Amino acid sequence: MFIKNRNQRIFELTPGHIYKGPVSCPPQRPKTHEGFLPMIQRGGYGPCYYRHTQSETGQKERHPMSPHPVYHSLRIAGRKSTVSHNHNEEKASSPAKSVAQPELSGKAYKRAARRQRHRLNWLLLVSRHINTKPDAANIQGTEDRSPLYAEDDKVRFPRRRVWTACKVVKYLQTALMILLNGFTNVTVLEASDRIGGRVQSIQHGKTTLELGATWIHGANGNPIYHLAEDNGLLEHTTEEERSVGRISLYAKNGVAHYQTNNGKRIPKDLVEEFSDLYNEVYELTQEFFQNGKPVGAESQNSVGIFTRDVVRKKIMLDPYDSESTKKLKLSMLQQYLKVESCESSSPSMDEVSLSEFGEWTEIPGAHHVIPAGFIKIIEILAQDIPSRVLRLSKPVRRIHWNCSSHDAEEIVDQVDHNQDQRPSHSPVCVECEDGECLLADHVIVTASLGVLKKAHETLFSPGLPLDKAQAIQKLGISTTDKIFLEFAEPFWSPECNSIQFVWEDEAQLESQAYPEELWYRKICSFDVLYPPERYGHMLSGWICGDEALRMERCDDETVAEICTELLRQFTGNQNIPKPRRILRSSWGSNPYIRGSYSFTRVGSSGRDVEKLAEPLPYIKNTKAPPLQVLFAGEATHRKYYSTTHGALLSGQREANRLIELYQYSFGAETTKPNI
């Protein structure tokens, strides 16, 4: 994992420097860089541990200690210069700063480190692990208190630059960080039969199709980008696949064809003219949060209502456009708002908060596609986690937190009446759907916002505090689905990179909610997958909101027929054949996901995101054990919600909470972990 020092240089730190003896951590809390690991003391050389001695005058003295070179290596990443891996040798090269170091052999150091390891019973509850079906039947199972990771001498450390982790791999990076910091009893529960969650790469012949996460959004400082780059995942990404415009385009080259439902293509210059107008108004939507502008009552604090009103006024006041041109531009406005809804994963832009819209932060740089599949990111992170830590097909019924010893025993009794040995007290007890009961000191919940909305009332016992439950209800999440159509031959021209559907009869449309039988009107476009040498002749359609859920309920044959008719209607080419294959996502109906990603809904704010991320019990409850239930996931990151890098950052944030809790509490002799 990587750490920024005061000079903003990037270092890779191999943890494993825990020392048993008269050692304490610095009394001050290290400064933090948002989303990243704590800024390292002493110029980036790891936490400052000290060896205490007593002088002749009776005063206590402390001497800074460097970790043993076997367990603590340092290298500068992404730079040509190097530094010594042996900190003792490095200090010896500077006599003025030289400090006597304890003489420990490699084996002695490992033994000391092993004694210091915090043998807590950890349980990471991962995303998609909640079975929302209410079932209070008798629970049968056994308690598991055995260490699930104890190969102290054979820890595999990541070799590449990993700053943070992603919405679909948040629990992998969280588990990895905790394991690498010396914790041994770690369990990851995954409800489905595969890892990856909202990353789902499907092999299609010689290529890979992405039903979920597809793009690395931004390059400059994006942890997913650097992870992919350092592992050679972008070597075959073509220059055309580095899109700097719309995030849903597979190629930056070529031209988007805006086609009307009358089979006519809108002239390119008219499209560019309207695009400039729309982008101008889009920038205005960012200013309300960024510049603190007050929101007028007429907009109802809605991005969609504000954008529609302002763009319409500008179009109607243009003295140079004919009435037919104005009508065409108004129809294009509806299409642009559909695309915006798909990218925001909202049912409609009318539901997106105008006052909070500008808080979402975009990482500079292009959007990159990983040719081998986004799942490769998952595999890179998962390779450093022992297989016995990860338990698949393990949905959870209920999380009991703030449990007393009596409560824990009662829960275990319900699970297994024949259990003879009473468990040591742990404040958290988790009931799994298969009847197994797991006791833990800490739980990290990374379920999606959609799952929390559906199940939070029955998932937690006692129930969530009112303000956290309200935050869950206020924030928004919806479904954005893809529809892949494969054709034997292309019917589109070589320069075409997408086909955009513009319904001319929607010029004055006030709401983009359609009757159930007209769900297909929410399909905003079909993008051309590029390059054809890799994908063949493939289109990717986009649909969102309730209409996406209705699409999911249809069979493949029906969806293929409707999409073919739409393409014929909008291109004016009645000879377009049916696709020879269709593949589509169904994130809304997946019981362990229930949506694609979150957005800030009207009536919610960044404070609700922070409240969702706040651990339980709240800090004001000083008598209860701290950090019993923690929350991670893309919906818990205030600036990077809806992104893979935002979810990675949130997972690392929660891992850091726990690491720092024991790092600093163990500096005081009165504080001991709950073994």
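Only a predicted model underlies this, so the values are computations on that prediction, with no experimental measurement involved.

Rules used in this analysis
- Residues numbered from 1 in each chain as written.
- Predicted model: local features only at pLDDT ≥ 70, side-chain atom pairs only at ≥ 80, totals over all residues.
- Heavy atoms only, no water.
- Helix = DSSP H or I, 4+ residues; strand = E, 2+ residues; numbered from the N terminus.
- Buried < 20%, exposed > 50% of the residue type's maximum accessible area, 1.4 Å probe, protein only.
- Contact = heavy atoms within 4.5 Å.
- Areas by Shrake-Rupley, 256 points an atom, 1.4 Å probe, with all protein chains shown as cover.
- Pairing = 2+ DSSP bridges.
- Phe/Tyr/Trp six-rings, centres within 6.5 Å; stacked < 30°, edge-to-face > 60°.
- Lys NZ or Arg CZ within 6 Å of the ring centre and 35° of its normal.
- Core = buried A, V, L, I, M, F, W, Y, C linked by side-chain atoms within 4.5 Å.
- Axes fitted to C-alpha atoms, helices over the stretch in contact; angles between N-to-C directions.
- Parallel < 35°, antiparallel > 145°, perpendicular 65-115°, else oblique.
- Left-handed = near helix turned anticlockwise from the far one by under 90°.
- Nonpolar A, V, L, I, M, F, W, Y, C, P; charged D, E, K, R; others polar.
- Disulfide = S-S within 2.5 Å.
- Salt bridge = Lys/Arg side-chain N within 4 Å of Asp/Glu carboxyl O.

Caption draft 1: Region of interest: the overall build of the chain. Secondary structure summary: the chain contains 17 helices and 27 strands in total. Sorting the 675 residues of the chain into buried and exposed places 58% on the buried side. Sequence-distant contacts, at least 24 apart, represent 78% of the contacts inside the chain between residues at least 6 apart. Within the structure as shown, the chain displays about 28500 Å² of accessible surface, and the carbon and sulfur contribution to it stands at 49%.

Caption draft 2: Inspection of the sheet that holds strand β15 (residues 396-400) at higher detail. If you trace the 4 strands from one edge of the open sheet to the other, you get β17-β16-β15-β19, paired in mixed fashion. Each end of this open sheet is capped by a strand with a single partner; those strands are β17 (437-440) and β19 (460-461). Note that strand β16 (residues 428-432) and β17 share 4 bridges and pair antiparallel. Following the sheet pairing, Glu 431 is matched in β17 by Cys 437.

Caption draft 3: Representation of the environment of Pro 577 in the model. Looking at the secondary structure, you find Pro 577 in the loop between α15 (556-571) and β25 (581-584). Along the primary structure Pro 577 and Phe 487 are separated by 90 residues, whereas in three dimensions their C-alpha atoms are 7.9 Å apart.

Caption draft 4: Structural view of the packing of aromatic side chains. Applying the stated criterion across every chain yields a total of 16 aromatic pairs. When the ring of Phe 501 is compared with that of Phe 570, the centres are 4.4 Å apart and the planes differ by 20°; the resulting orientation is stacked. On the criterion of sequence distance, the pair formed by Phe 501 in strand β22 (residues 496-502) and Phe 570 in helix α15 is long-range, its members being 69 residues apart. Side by side, Phe 501 and Phe 570 carry an identical accessibility label, which is buried. A cation over an aromatic ring shows up here: Lys 293 above the ring of Phe 288, its NZ or CZ 5.0 Å from the ring centre.

Caption draft 5: A look at unusual backbone geometry. At the junction of Ser 461 and Pro 462, the peptide bond is cis and its omega measures out at 0° in the coordinates. With respect to the secondary-structure elements, Pro 462 resides in the loop between β19 and α12 (466-474). A cis geometry characterises the amide bond from Tyr 530 onward to Pro 531, with omega recorded as 0°. With respect to the secondary-structure elements, Pro 531 resides in the loop between β23 (525-528) and α13 (532-535). Positive phi outside glycine occurs at Leu 627, with the angle close to 50°.

Caption draft 6: Focus on the nonpolar core. In this structure, Ile 216, Ile 370, Phe 374 and Ile 377 are the most contacted members of the largest nonpolar core, which totals 38 residues. Counting residues per element, the ones that place at least two in this core are α4 (170-180), α5 (223-230), α9 (375-382) and α17 (644-665). Considering every element that reaches this core, the biggest residue donor is α4, with 7 residues. By size, the runner-up hydrophobic cluster in this structure holds 28 residues, among which are Val 443, Val 451, Val 609 and Ala 635.

Caption draft 7: Geometry of the packing of helix α6 (residues 268-290) against helix α8 (residues 323-344). Running from N to C, α6 and α8 point in directions that differ by 55°, and their axes come no closer than 10 Å. Compared by their axis directions, α6 and α8 come out oblique. Seen from above, α6 lies across α8 with right-handed handedness. In this structure, α6 contributes Leu 270, Val 271, Glu 273, Phe 274, Ser 275, Tyr 278 and Tyr 282 to the contact, and α8 contributes Thr 325, Leu 328, Lys 329, Met 332, Leu 333, Tyr 336, Leu 337 and Glu 340. Broken down by class, the residue content of the contact of α6 with α8 amounts to 10 nonpolar, 2 polar and 3 charged.

Caption draft 8: Geometry of the state of the cysteines. Applying the stated criterion across every chain, the model contains 0 disulfides. In this structure Cys 403 is not part of a disulfide, and its nearest cysteine sulfur, from Cys 429, lies 6.0 Å away. Accessibility expressed as a relative area gives 8% for Cys 403, which makes it buried.

Caption draft 9: Quick peek at the environment of Gly 205. Structurally, Gly 205 can be placed in the loop between β9 (201-204) and β10 (207-210). Taking the relative accessible area as the measure of exposure, Gly 205 reaches 66% and is therefore exposed. Residues Gly 205 and Tyr 535 lie 330 residues apart in sequence; the distance between their C-alpha atoms is 8.9 Å.

Caption draft 10: Representation of the sheet that holds strand β21 (residues 480-487) in the model. Strand order across the open sheet formed by 6 strands is β12-β22-β23-β24-β21-β25, with mixed pairing between neighbours. Each end of this open sheet is capped by a strand with a single partner; those strands are β12 (255-260) and β25. Recorded for the sheet is a direction-independent mean angle of 20° between the axes of neighbouring strands. Examined bridge by bridge, β12 and β22 share 6 bridges and lie parallel to one another. When the bridges of β22 are listed, His 257 appears paired with Ile 499. In the packing of helix α14 (residues 546-553) onto the sheet, contacts are made with β21, β24 (537-544) and β25, and the angle to β24 comes to roughly 125°.

Caption draft 11: Fine view of the pattern of salt bridges. Scanning the entire structure with this criterion turns up 30 salt bridges. Between Glu 510 and Arg 312 there is a salt bridge; the shortest N-O distance is 2.7 Å. Of the two residues, Glu 510 sits in the loop between β22 and β23 while Arg 312 sits in helix α7 (residues 303-316), which places them 198 residues apart along the sequence. Measuring nitrogen to oxygen at the nearest pair gives 2.9 Å for the salt bridge that ties Asp 505 to Arg 521. Residue Asp 505 is located in the loop between β22 and β23, and its partner Arg 521 is located in the loop between β22 and β23; the two are separated by 16 residues in the primary sequence. By relative accessible area, Arg 521 is classed as buried at 15%. Salt bridges here are not isolated pairs; linked through shared partners, they connect Lys 338, Asp 505, Glu 506 and Arg 521.

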